[in-house]
Amino acid sequence: MNLRDLITEDLILADMKARDKRAAINEIVAFMCTRNGISEENARKVEAAVLRRESRGTTGIGKGVAIPHAKNCGQVDEIVAAFGVARDGIPFAALDGEPVRLVFLVVSPKGLENDHLRVMRKIAHMARDDKTNRFLATTRDFSTLRAILDEVDEYFEKK
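What counts as what
- Residues numbered from 1 in each chain as written.
- Predicted model: local features only at pLDDT ≥ 70, side-chain atom pairs only at ≥ 80, totals over all residues.
- Heavy atoms only, no water.
- Salt bridge = Lys/Arg side-chain N within 4 Å of Asp/Glu carboxyl O.
- Helix = DSSP H or I, 4+ residues; strand = E, 2+ residues; numbered from the N terminus.
- Buried < 20%, exposed > 50% of the residue type's maximum accessible area, 1.4 Å probe, protein only.
- Core = buried A, V, L, I, M, F, W, Y, C linked by side-chain atoms within 4.5 Å.
- Contact = heavy atoms within 4.5 Å.
- Expected span 1.5 Å × (residues − 1).
- Polar contact = N/O pair within 3.5 Å; in protein donor to acceptor, adjacent residues only side chain to side chain.
- Phe/Tyr/Trp six-rings, centres within 6.5 Å; stacked < 30°, edge-to-face > 60°.

A. Structural view of the pattern of salt bridges. Applying the stated criterion across every chain, the model contains nine salt bridges. Residue D130 is joined to K63 by a salt bridge in which the shortest nitrogen-to-oxygen separation is 3.5 Å. One end of the pair, D130, is in helix 5 (residues 130-138); the other, K63, is in the loop between strand 2 (60-62) and strand 3 (65-66), and 67 residues separate them in sequence. The class for K63 is partly exposed, based on a relative accessible area of 42%. Put simply, R118 and D115 hold a salt bridge, and the shortest N to O gap is 2.3 Å. With R118 and D115 both in helix 4 (residues 113-127) and three residues apart, this pair spans about one turn of that helix.

B. Local environment of the nonpolar core. In this structure, M16, M32, V46, V50 and V107 are the most contacted members of the largest nonpolar core, which totals 31 residues. Here this core gets seven residues from one element, more than from any other, and that element is helix 2 (residues 21-35). Residues in contact with M32, not counting those within four places in the same chain, are L11, V46, V80, A81, A82, L105 and V107. With 25 residues, the next largest nonpolar core counts L3, I67, I79 and M126 among its residues.

C. Molecular detail of helix 2. With 15 residues, helix 2 should cover 21 Å at 1.5 Å per step; its first-to-last C-alpha distance of 21 Å lies within 8% of that length. Those residues of helix 2 not exposed but buried are K21, A24, I25, E27, I28, V29, F31, M32 and C33. Tucked inside the fold, the buried residues of helix 2 contact strand 1 (12-13), helix 3 (40-55), strand 5 (80-90) and strand 6 (100-107). Between the side-chain oxygen at the start of helix 2 and the backbone nitrogen of R22 there is a gap of 3.2 Å, and the oxygen is on D20. Directly after helix 2, the chain includes G37, whose backbone phi takes a positive value near 70°.

D. Seen up close, the packing of aromatic side chains. Inspection of every chain in the model, using the stated rule, returns two aromatic pairs. Seen in terms of ring centroids, Y155 and F156 are 5.3 Å apart; in terms of plane orientation they differ by 80°. Their pairing is edge-to-face. Looking at Y155, the relative accessible area reads 38%, which means it is partly exposed. The partly exposed category is assigned to F156, whose relative accessible area is 21%.

This is the structure:
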């Protein structure tokens, strides 16, 4: 599963409005569900699944990045994702205590656990680079984001 295929231009929320973790999760889930034609009722269930996962431990992995996610989610038939940018940062209880500026949402159905983990590893790998994170937090250039996603996908194809 390639990040390029998951995070298309229409799944980028370039200016998140949320000011706290719960609102950020609500905002990115609603955005992703709307873009993927997921009903409002199912969107609430997706949000509940993501919040349940979040209650077990923060998905704010540090360096300004959070990866809220849910697997085995009955409201989706395939892995779906979205990417949001919170330019002012959001308190997210991240591991390093820093505000989150980049939010990658990943939701997958039952049976795709290995693909889910592969996507999570790719995003975490990308998030390790401070320069990339700073760039992603400030750019509005989708073609450059696409190039970064391609680099990550290519790196994992070679492994």
